[in-house]
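# Fold and geometry: a report
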Amino acid sequence: MTLSIISAMGALVMEYLMLLAGLVGLFFGGEALVRGSVGIAQRLAMPPLLIGLTVVGFGTSTPELLVSVDAALRGVSDIALGNVVGSNIANILLIVGVSALVWPIRVSGDTLKRDTAVMMAAAIALVPIFAFGMMGRVAGGILFASLVAYLVFAYRQSRNAPNAPLADEGDLPVPARGLWLSLIWVIGGLVALMFGARFMVDGAVTIARTFGVSEAFIGLTVVAVGTSLPELATSLIAALRKQSEIAIGNIVGSNIFNILGILGLTAIITPIPVSSRFLTFDLPIMIAVSLVLTVLLRRQTIGRGIGIVMLVAYGGYVFAAQ
C-alpha cells in the first residue's frame, strides 16, 4: 500500500514537472522566436511598424497557437478553446489589473478606439460559431481572413495618417544579430515551443483527470495563464517604464490575434467541437470583460482602484469556472 501511494505521488510530481517544463519551454521558446524573427525581418529591410504588427504579433501568440493546435489534434478540444477564451479573460482582468497596480494606465488617441472595436467584433463573432456546436474550416478561414484584412487596414491607416509617428526600432524586442544567428534563434524557439506545447497539454490533461476537474477548467486557467506569460512580461515592463499605450495595446492586440488568428488557424487545421459551457458561461464572460475594458479606455484612465477590482473579479471568475 505504501509503495503504491509513493508511486502515485511520484507520478503526480512528474506531471507537475512536465507542466512546469511546458511553461518554461513556451516562455523561452516564444522569446527566442520573436528575437530571431525580428532579426530576419530587419535584415530584409521590413519597416518597424510592419514588423510590430505581424512578426511580433504572431511571435508572442505562437505559444497559444501551438498549444491549441496540439490539443485539438489530440481530441482535447476543451483545452484548445479554453486556452484562447481563458487567455483573453486573463489578459484583461489579470494582466491589465496587475499593470494598473504597477502604474495607472492612461491612453489617448483613435488607434485604441479602432482596435477595441475590432476586439469586440471578433468576440461577438464567436457567438454564432459556438452556437453551431462546431468550429469548422470555413469559420476558421473567415476568422483568419478577417485578421489579415485587419492587419492590412491597420498598416495602411498608420502609414497614411497625417503627422503620425512611425514605430521606432527601440519599441521592438531586442533582435538577434546576423542572419544565421537569427535563423538559429527561430529554429531553437520553434523546437522549444513544440516541446513546451506537448508537455503543457500532457501535464494539464493528466492533472485534470487526477483531481477530477474538467479539462475546460484547466485550459481556461492554468494553460491560459501559462501561454499568456509573454503578454504579462511585455505589459509589466511597459507599465514599469510608464508606457501605458504599449501595455494596453499589447493586450488588445493579443486578444484580436487569439480569436482571429489562433482559433482561425486551429480550426483550419482541424475542426473543433465546442462544449456548451463555452457558449453559456465562458464566452459571455469574455465578451463582458472586453466591453468593460472598451468602456474604461474611453475614460482614458485605469487607476489602481480599478486594477484591484479587476484582480478580484478574475479570482471570482476562476472560482466560478470550476
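For the structure itself, look to the data block above.
I will try to describe carefully the structure that is included in this document.

The rules behind each value
- What you see as residue numbers is a count from 1 along each chain, following the sequence as written.
- Where totals are concerned, whole chains, interfaces and linings use all residues; where local detail is concerned, this predicted model gives features only for residues with pLDDT of at least 70, and gives and counts side-chain atom pairs only at 80 or more.
- Note: side-chain values were computed over all heavy atoms of the structure, leaving out hydrogens and water.
- Under the scheme used here, helices are H or I runs from DSSP no shorter than 4 residues and strands are E runs no shorter than 2 residues, and both carry numbers assigned from the N terminus.
- The rule is simple: take the accessible area with a 1.4 Å probe, protein chains only, and divide by the maximum for that residue type; under 20% is buried, over 50% is exposed, in between is partly exposed.
- Every residue pair with non-hydrogen atoms within 4.5 Å of one another is taken to be in contact.
- The Shrake-Rupley method, run with a 1.4 Å probe sphere, supplies the accessible areas, and residue values consider only the shown protein chains as cover.
- Throughout this description, the term nonpolar core refers to a set of buried Ala, Val, Leu, Ile, Met, Phe, Trp, Tyr and Cys residues connected via side-chain atoms within 4.5 Å.
- By definition here, a salt bridge exists when the distance from a side-chain nitrogen of Lys or Arg to a carboxyl oxygen of Asp or Glu is within 4 Å.
- For helices, the fitted axis covers only the stretch in contact; all axes are lines through C-alpha atoms, and the angles between them, taken along N-to-C directions, range from 0 to 180 degrees.
- An angle below 35 degrees is read as roughly parallel, one above 145 as roughly antiparallel, one from 65 to 115 as roughly perpendicular, and any other as oblique.
- Patch rule: a residue counts if its relative accessible area is over 30% and it has no salt bridge; like charges are joined within 9 Å, and nonpolar side chains (Val, Leu, Ile, Met, Phe, Trp, Tyr) within 5 Å.
- Each helix should span, by expectation, one fewer than its residue count multiplied by 1.5 Å.
- A residue's bend is the angle separating two fitted axes: one through the seven residues that end there, the other through the seven that start there.
- The handedness criterion is simple: a crossing whose near helix is rotated anticlockwise from the far helix by less than a right angle is left-handed, and one whose near helix is rotated clockwise is right-handed.
- Polar here means any residue outside two lists: the nonpolar Ala, Val, Leu, Ile, Met, Phe, Trp, Tyr, Cys and Pro, and the charged Asp, Glu, Lys and Arg; Gly therefore counts as polar.

Within the protein chain, the secondary structure is distributed over eleven helices and four strands. Here the protein chain, with 322 residues, has 48% of them falling under the buried criterion. Long-range pairs, those at least 24 residues apart, make up 87% of the contacts in the protein chain with a sequence separation of at least 6. For the protein chain, the accessible surface area stands at approximately 14,600 Å², while carbon and sulfur atoms represent 71% of it.

Before going further, it helps to spend a moment on the nonpolar core. Core analysis: the largest hydrophobic core is formed by 78 residues, its most contacted members being Leu126, Phe130, Met135 and Leu293. Counting residues per element, this core draws most heavily on helix H3 (residues 77-102), which supplies twelve residues. Residues within four places of Met135 in sequence aside, it is in contact with Leu126, Ile129, Phe130, Leu143, Leu263, Ala267, Pro271, Ile272 and Val274.

Here we take up the pattern of salt bridges. Once the charged atoms of two side chains with opposite charge are near each other, the side chains can pair. Counted according to the given criterion, the structure contains three salt bridges. In this structure, the salt-bridge partner of Arg114 is Asp115, at a minimum N-O distance of 2.9 Å. With respect to class, Arg114 is no different from Asp115; both count as buried. Close ionic contact of Arg277 with Asp282 constitutes a salt bridge, the shortest N to O distance being 2.7 Å.

Looking now at the packing of helix H7 (residues 215-227) against helix H8 (residues 229-240). The interhelical angle for the contact between H7 and H8, taken along N-to-C directions, is 55°, at an axis separation of 4 Å. Considering the angle they form, H7 stands oblique to H8. The residues of H8 that touch H7, namely those facing Val225, Gly226 and Thr227, are Leu229, Pro230 and Glu231.

Right, let's get into a nonpolar patch on the surface. A cluster of nonpolar side chains, Leu179, Trp180, Leu183, Ile187, Leu190, Val191, Met194, Phe195 and Phe199, forms an exposed patch at the surface whose accessible area comes to about 890 Å². By the secondary structure assignment, Met194 is in helix H6 (residues 179-211).

End to end, H3 covers 36 Å across 26 residues, agreeing with the expected 38 Å (1.5 Å per residue, within 8%). At Asn91, H3 shows its maximal bend, which comes to roughly 35°.

Okay, the packing of H3 against H8 next. Interaxial distance between H3 and H8 falls to 8 Å at its minimum, and their mutual angle equals 25°. With respect to H8, the element H3 is oriented roughly parallel. The handedness of the crossing between H3 and H8 comes out as right-handed. Along the contact surface, H3 presents Asn91, Ile95, Val98, Ser99 and Val102, while H8 presents Glu231, Leu232, Ser235, Leu236, Ala239 and Leu240. Split into classes, the residues belonging to the contact of H3 with H8 amount to seven nonpolar, three polar and one charged.

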